[in-house]
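Secondary and tertiary structure notes
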Amino acid sequence: MSLNNIKSVDTNVIELRRMTVTDVDSVFEIETLSFKSPWTKEAFVNEVVKNQLAVYFVVTLDALVVGYAGMWTVVDELHITNVAITPDQRGKGLSNRLMERLFEFAIENKFTSMTLEVRTTNAVAISLYEKYGFKGLGVRKGYYQDTNEDALIMWKEF
Ligand SMILES: CC(C)(COP(=O)(O)OP(=O)(O)OC[C@H]1O[C@@H](n2cnc3c(N)ncnc32)[C@H](O)[C@@H]1OP(=O)(O)O)[C@@H](O)C(=O)NCCC(=O)NCCS
């Protein structure tokens, strides 16, 4: 079944699980559809195979990967690296499910805070993070070299 044939998530089976190397092709496809300067496929392979600090989850809809979120563990902090949902399935609450899974991981493993950078123009993502209690605590000027956009640095304490 193609993703385009899924009309509603109401009757579909949504699951969250740790990302594995077999998910890399799907994740890379979503990444390229979602970001101006996407990570490479090799970068994702490295994250799930080699990087001991990386923790990645995927969200599946009827067993198809439709989104992912990643973090790096840095002492007692979690740094979110990327969050994306495939364009056809946005606005249906799937990133809420991913965020809740990240928080569950943070609490289970006794991390004290979570941080991320987001383009100051990305109102949808900022709204998502604010909903989950992240606060904008700083701006890095010209952080995104592709467009020279500023990054908002957001933090959440547990
Ligand atoms: C940001 C993104 C992950 C949100 O995923 P999503 O599954 O569409 O979001 P959800 O449907 O779960 O909505 C979660 C929250 O996001 C925010 N949101 C989602 N769509 C929104 C929109 N069109 N306008 C404003 N806020 C929106 C809301 O706060 C929403 O909360 P609500 O469910 O109480 O309304 C998705 O838009 C995406 O993949 N964007 C491209 C990649 C990206 O920018 N990632 C973040 C990089 S830092």
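Summarised in this report is the structure supplied together with it.

Reading the values: the criteria
- Residues numbered from 1 in each chain as written.
- Predicted model: local features only at pLDDT ≥ 70, side-chain atom pairs only at ≥ 80, totals over all residues.
- Heavy atoms only, no water.
- Helix = DSSP H or I, 4+ residues; strand = E, 2+ residues; numbered from the N terminus.
- Buried < 20%, exposed > 50% of the residue type's maximum accessible area, 1.4 Å probe, protein only.
- Areas by Shrake-Rupley, 256 points an atom, 1.4 Å probe, with all protein chains shown as cover.
- Lys, Arg positive; Asp, Glu negative; His and termini not counted.
- Charge placed at Lys NZ, Arg CZ, Asp CG, Glu CD.
- Near = heavy atom within 4 Å.
- Polar contact = N/O pair within 3.5 Å; in protein donor to acceptor, adjacent residues only side chain to side chain.
- Core = buried A, V, L, I, M, F, W, Y, C linked by side-chain atoms within 4.5 Å.
- Contact = heavy atoms within 4.5 Å.
- Arc of directions from axis to C-beta.
- Phe/Tyr/Trp six-rings, centres within 6.5 Å; stacked < 30°, edge-to-face > 60°.
- Lys NZ or Arg CZ within 6 Å of the ring centre and 35° of its normal.
- Pairing = 2+ DSSP bridges.
- Axes fitted to C-alpha atoms, helices over the stretch in contact; angles between N-to-C directions.

Focus on the overall build of the protein
Helix and strand counts for the protein stand at four helices and seven strands. Along the protein, from the amino end to the carboxyl end, the secondary structure elements read β-α-α-β-β-β-α-β-α-β-β. Its C-alpha atoms give the protein principal-axis dimensions of about 45 × 35 × 30 Å. Counting over 158 residues, the protein shows a buried share of 42%. Of the roughly 8600 Å² of accessible surface on the protein, a fraction of 52% belongs to carbon and sulfur atoms. Distance between charge centroids for the protein: 2 Å, based on 17 positive and 21 negative side chains.

As for the site of the ligand
What surrounds the ligand is a group of 21 residues, the closest being Val83, Gly91, Asn122, Ser127 and Lys131. Within the contact set of the ligand, an oxygen atom lies 3.1 Å away from a backbone nitrogen or oxygen of Asn96. About the coverage of the ligand: the protein hides 71% of its 920 Å² of free accessible area. At the level of elements, strand S4 (77–85), helix H3 (94–108), strand S5 (113–119) and helix H4 (123–131) are the ones that each hand at least two residues to the shell around the ligand.

Focus on the nonpolar core
Membership of the largest hydrophobic core comes to 31 residues, with the highest contact counts inside it found for Met71, Ile80, Met99, Leu102, Met114, Tyr129 and Phe134. Looking at this core, the elements with two or more residues in it are strand S2 (54–61), strand S3 (64–74), S4, H3, S5, H4 and strand S7 (149–157). If you tally residues by element for this core, the top one is H3, at seven residues. Here Leu102 is in contact with Phe57, Ala69, Met71, Ile80 and Met114, once residues within four sequence places are set aside. Among the nonpolar cores identified, the runner-up in size contains eleven residues, and Met19, Val27, Ile30 and Tyr68 belong to it.

As for helix H1 (residues 24–34)
Here H1 has its buried residues at Val24, Val27, Ile30 and Glu31. One side of H1 holds all its buried residues, which, seen down the axis, span an arc of 130°. Contact partners of the buried residues in H1: helix H2 (41–49), S2, S3 and S4.

Re the packing of aromatic side chains
Under the defined criterion, the tally for this structure stands at eleven aromatic pairs. Considering the side-chain rings of Phe105 and Phe111, the 6.0 Å spacing of their centres and the 20° angle between planes classify their relative orientation as stacked. Pairwise contacts between aromatic rings join Trp39, Phe44, Tyr56, Tyr68 and Trp72 into one cluster. Over the aromatic face of Phe57 sits the side chain of Arg18, whose NZ or CZ is 5.5 Å from the ring centroid. A cation sits over an aromatic face here: Arg119 above Tyr144, 4.2 Å from the ring centre.

As for the sheet that holds strand S6 (residues 135–144)
What the seven strands build is an open sheet, ordered S1-S2-S3-S4-S5-S7-S6; its pairing is mixed. The outermost strands of the open sheet, each flanked by one partner alone, are strand S1 (14–18) and S6. Ignoring strand direction, the axes of neighbouring strands in this sheet form an average angle of 25°. Bridge analysis of S5 against S7 gives seven bridges, and the strand direction is antiparallel. Across the sheet, the residue bridging to Val118 is Leu152, located in S7. Those strands touched by H1 are S2, S3 and S4, and its axis lies near 85° from that of S3. Packing against the sheet, H4 makes contact with S4, S5 and S7, and its axis sits at approximately 165° to S5.

As far as function goes, none of this settles anything; it's purely spatial.
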